[in-house]
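Examining the three-dimensional arrangement
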Amino acid sequence: MIPIQHRDLEKMAQRHWEAIENYMTGKKVKYNIKYYDKKVKKYFPLLSFKEIVLANPNLIDDLASYWDIFVVKDYADFEPLAETSYKSYLTGGETFYSKDKKGNKIYYGSKNLVEGLGISVCPYCNRNYIKLVEVEREETVNNKLIRIDELDHFYPKGKYPFLALSFYNLIPSCKTCNQTFKKEEIVSVNPYSKIEEFSFGLKIKNSKFYYDKDGFCIDYEKAEEVLDKNFEVFHIKDVYDQHKDQILELIQKQITYPDSYIDELFQKYEGTFFRNKEDVIRHLSNGIMEEENFHLRPLSKLTHDIAKELGLLD
Ligand SMILES: [Zn+2]
């Protein structure tokens, strides 16, 4: 798993809230802010609906634990939020909106969230792309609906409907992670949380390791300490085992590219293609990414960690 990082996360959360607020203060809206404030107070006397929507990952954990202890929970209290409103948010219908400087409405939904975060790859598996697609649908006004691949509720909206539109509970993710693996499960680490240092490693099994995938395996020891439940739910070991060929390529490149060749390439293209020797390595190794760009390419964390262990990266 890779963390969701963005310099303006709080600003984005604020915009998310404003879009909800703009819609839910409309005169004709039945389930408005007042309605949800009342329902929230019933279970969380010290909080407002706004505070639920903007709750950070730690507070969300606490709220979910607190919700768990209620013997009688009326799920219908938040059903409109988890069903109609969420669906509208996901599909980008003309419900939520922010305003530009002239006061014009700018419709807001999951597409804006994913585009704003700048994420291209699922943070849970760092394996599948998350793509924005345009789908033509007859029932929509413009005959065009824009949706993202998937949006996962870290705490499932079926069990925790009050968190259905909470910013830090909405995780852009791939279909496999969301629908095939996670479903209603809860994993150990929210991608918006600060994730402790972990890395993938390489374990050599026998002397075939430089030409045969069976000669080595991926070492998860350091990763498992913090991501135990994530690894289990998303079947990380099973799916990553399918990608050992990429590690084999790295092993072979480490052996076959002498330093003199890397130096030669660097000298030739310094200042044009390459800023430093790491850029040359990236070029030769099918584009290993820097840590801050893990969210842009599949398996970037795995290939980065292994390349580092092999001494390809400093
Ligand atoms: Zn995924």
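As the structure is a computational prediction, the values presented were derived from the model and not from experiment. (Residues numbered from 1 in each chain as written. Predicted model: local features only at pLDDT ≥ 70, side-chain atom pairs only at ≥ 80, totals over all residues. Heavy atoms only, no water.)

Digging into the overall build of the protein chain
Note the threshold: Per the convention used, a helix needs a DSSP run of H or I reaching at least four residues, while a strand needs a run of E reaching at least two, with both numbered from the N terminus. Pairs of residues are marked as contacts when any of their non-hydrogen atoms sit within 4.5 Å. Here, Shrake-Rupley sampling with a 1.4 Å probe gives the accessible areas, and only protein chains in the shown set may cover a residue. In this count, Lys and Arg are taken as positive residues and Asp and Glu as negative ones, while His and the chain termini are left out. A charged residue contributes its charge at one atom only: NZ of Lys, CZ of Arg, CG of Asp or CD of Glu.
In terms of regular secondary structure, the protein chain is built from 13 helices and 8 strands. Considering only C-alpha atoms, the protein chain reaches an extent of 70 × 50 × 35 Å along its principal axes. Intrachain contacts of the protein chain at a sequence separation of at least 6 include 64% that bridge at least 24 residues. Within the structure as shown, the protein chain displays about 17000 Å² of accessible surface, and the carbon and sulfur contribution to it stands at 47%. Taking the average place of the 46 positive charges on the side chains of the protein chain and the average place of its 51 negative ones, the gap between the two points comes to 7 Å.

Description of the packing of helix 1 (residues 9–24) against helix 6 (residues 110–117)
Just so we agree on the cut-off: Axis angles are defined between N-to-C directions and span 0 to 180 degrees, where every axis is a line fitted to C-alpha atoms and, for a helix, only to the segment in contact. Angle categories are assigned with fixed cut-offs, so that under 35 degrees is roughly parallel, over 145 is roughly antiparallel, 65 to 115 is roughly perpendicular, and the rest are oblique. Under the scheme applied, nonpolar residues are Ala, Val, Leu, Ile, Met, Phe, Trp, Tyr, Cys and Pro; charged residues are Asp, Glu, Lys and Arg; polar residues are all the others, including Gly.
Closest axis-to-axis distance for the helix 1/helix 6 pair is 11 Å, and the angle between their directions is 170 degrees. As judged from the angle between their axes, helix 1 and helix 6 are roughly antiparallel. Packed against helix 1, whose contacting residues are Leu9, Met12 and Arg15, the element helix 6 presents Asn112, Leu113, Gly116 and Leu117 at the interface. Grouping the amino acids of the contact of helix 1 with helix 6 by side-chain chemistry returns 4 nonpolar, 2 polar and 1 charged.

Here's the deal with the packing of aromatic side chains
Rule in force here: Pairing of aromatic rings covers Phe, Tyr and Trp, the last counted by its six-membered ring, and requires centre-to-centre distances within 6.5 Å; plane angles under 30 degrees mean stacked, over 60 mean edge-to-face, and any other angle means tilted. Accessible area is worked out with a 1.4 Å probe on protein chains only. A residue is then buried under 20% of its type maximum, exposed over 50%, and partly exposed in between. Counting as a charge over the ring demands two things of the Lys NZ or Arg CZ atom: a distance within 6 Å of the ring centre and an angle within 35 degrees of the ring normal.
Taken as a whole and assessed by the stated rule, the structure comprises 35 aromatic pairs. Arranged with centres 4.9 Å apart and planes meeting at 80 degrees, the rings of phenylalanine 167 and tyrosine 168 form a pair that is edge-to-face. A relative accessible area of 9% places tyrosine 168 in the buried class. Sitting over the ring of tyrosine 97, lysine 105 keeps its end group 4.6 Å from the ring centre. In this structure, lysine 244 is placed above the aromatic ring of phenylalanine 216, and the distance from its NZ or CZ to the ring centre is 5.2 Å.

Let's talk about the domain arrangement of the protein chain
Note the threshold: Where a domain begins and ends is set by an automatic assignment or by a domain database. When two parts are brought into contact, each loses some accessible area as probed by a 1.4 Å sphere; the total of that loss over both is the buried area. Salt bridge, as used here, is a side-chain nitrogen of Lys or Arg placed within 4 Å of a carboxyl oxygen of Asp or Glu. Whenever two N or O atoms come within 3.5 Å, that pair is a polar contact, provided that in protein one can donate a hydrogen and the other can accept it, and provided that, for residues adjacent in sequence, both atoms are side-chain atoms.
As far as domains go, the protein chain holds domain 1 (9–182) and domain 2 (201–309). Each of domain 1 and domain 2 was reduced to a C-alpha centroid, and the two centroids are 35 Å apart. Taken residue by residue, the interface counts 12 residues in domain 1 and 15 residues in domain 2. Carbon and sulfur atoms supply 61% of the area buried between domain 1 and domain 2, which totals about 1200 Å² over both sides. Sorting the residues of domain 1 by area buried against domain 2 places Asn126, Arg127 and Phe181 first, and these three jointly supply 51% of that buried surface. The interface formed by domain 1 and domain 2 includes 0 salt bridges. Where domain 1 packs against domain 2, one counts 9 residue pairs in polar contact (both at pLDDT 80 or more). Taken together, the residues of the side of domain 1 that touches domain 2 sort by class into 7 nonpolar, 3 polar and 2 charged.

Considerations on the pattern of salt bridges
A full pass over the atoms with the stated rule returns 14 salt bridges. Across the pair lysine 42 and aspartate 77 runs a salt bridge whose closest N-O atoms are separated by 2.7 Å. One end of the pair, lysine 42, is in helix 2 (residues 33–43); the other, aspartate 77, is in the loop between helix 4 (57–69) and helix 5 (79–91), with 35 residues separating them in the sequence. Using a relative accessible area of 4% as the deciding quantity, one classes aspartate 77 as buried. The residue lysine 157 makes a salt bridge to glutamate 83 at a minimum N-O spacing of 3.8 Å. Of this pair, lysine 157 sits in the loop between strand 5 (151–153) and strand 6 (170–172) while glutamate 83 sits in helix 5, and the two are 74 residues apart along the sequence. Overlapping salt bridges, with partners in common, bring together Arg275, Glu278, Asp279, Arg282 and Glu290 in one network.

Quick word on the coordination of the zinc ion
Threshold: Listed donor atoms are N, O and S within 2.8 Å of the metal (Na, K and Ca: 3.2 Å). As water is not included, a site may look incomplete. Under this scheme a four-donor centre is tetrahedral when all angles range from 85 to 135 degrees, a four-donor centre is square planar and a six-donor centre octahedral when opposite donors are above 155 degrees with the rest from 65 to 115, and any other centre is irregular.
Protein coordination at the zinc ion: the donors are Cys122 (SG), Cys125 (SG), Cys174 (SG) and Cys177 (SG), at 2.3 Å from the metal. Here the zinc ion binds 4 donor atoms, and the angle range of 105 to 113 degrees at the metal identifies the geometry as tetrahedral. Between the donor residues of the zinc ion, the gaps in sequence give the motif C-x2-C-x48-C-x2-C. In this pair, the class of cysteine 122 matches that of cysteine 125, namely buried.

Observations regarding the environment of aspartate 263
Considering the arrangement of structural elements, one finds aspartate 263 in helix 11 (residues 259–269). Overall, aspartate 263 belongs to the partly exposed group, its relative accessible area being 26%.

As for helix 8 (residues 221–233)
Rules: Residue count minus one, scaled by 1.5 Å, sets the expected span of a helix. A residue's bend is given by the angle between axes fitted to the 7 residues ending at it and the 7 residues starting at it.
The end-to-end C-alpha distance of helix 8 is 17 Å, a good match for the 18 Å that 13 residues give at a rise of 1.5 Å each. Of all the bends found along helix 8, the most pronounced is centred on leucine 227 and spans about 100 degrees. For helix 8, the complete set of buried residues consists of Ala223, Val226, Leu227, Asn230, Phe231 and Val233. Against helix 7 (175–182) and helix 9 (236–241) lie the buried residues of helix 8. Where helix 8 ends, the next residue or the one after it, histidine 235, has phi of about 50 degrees, a positive value.

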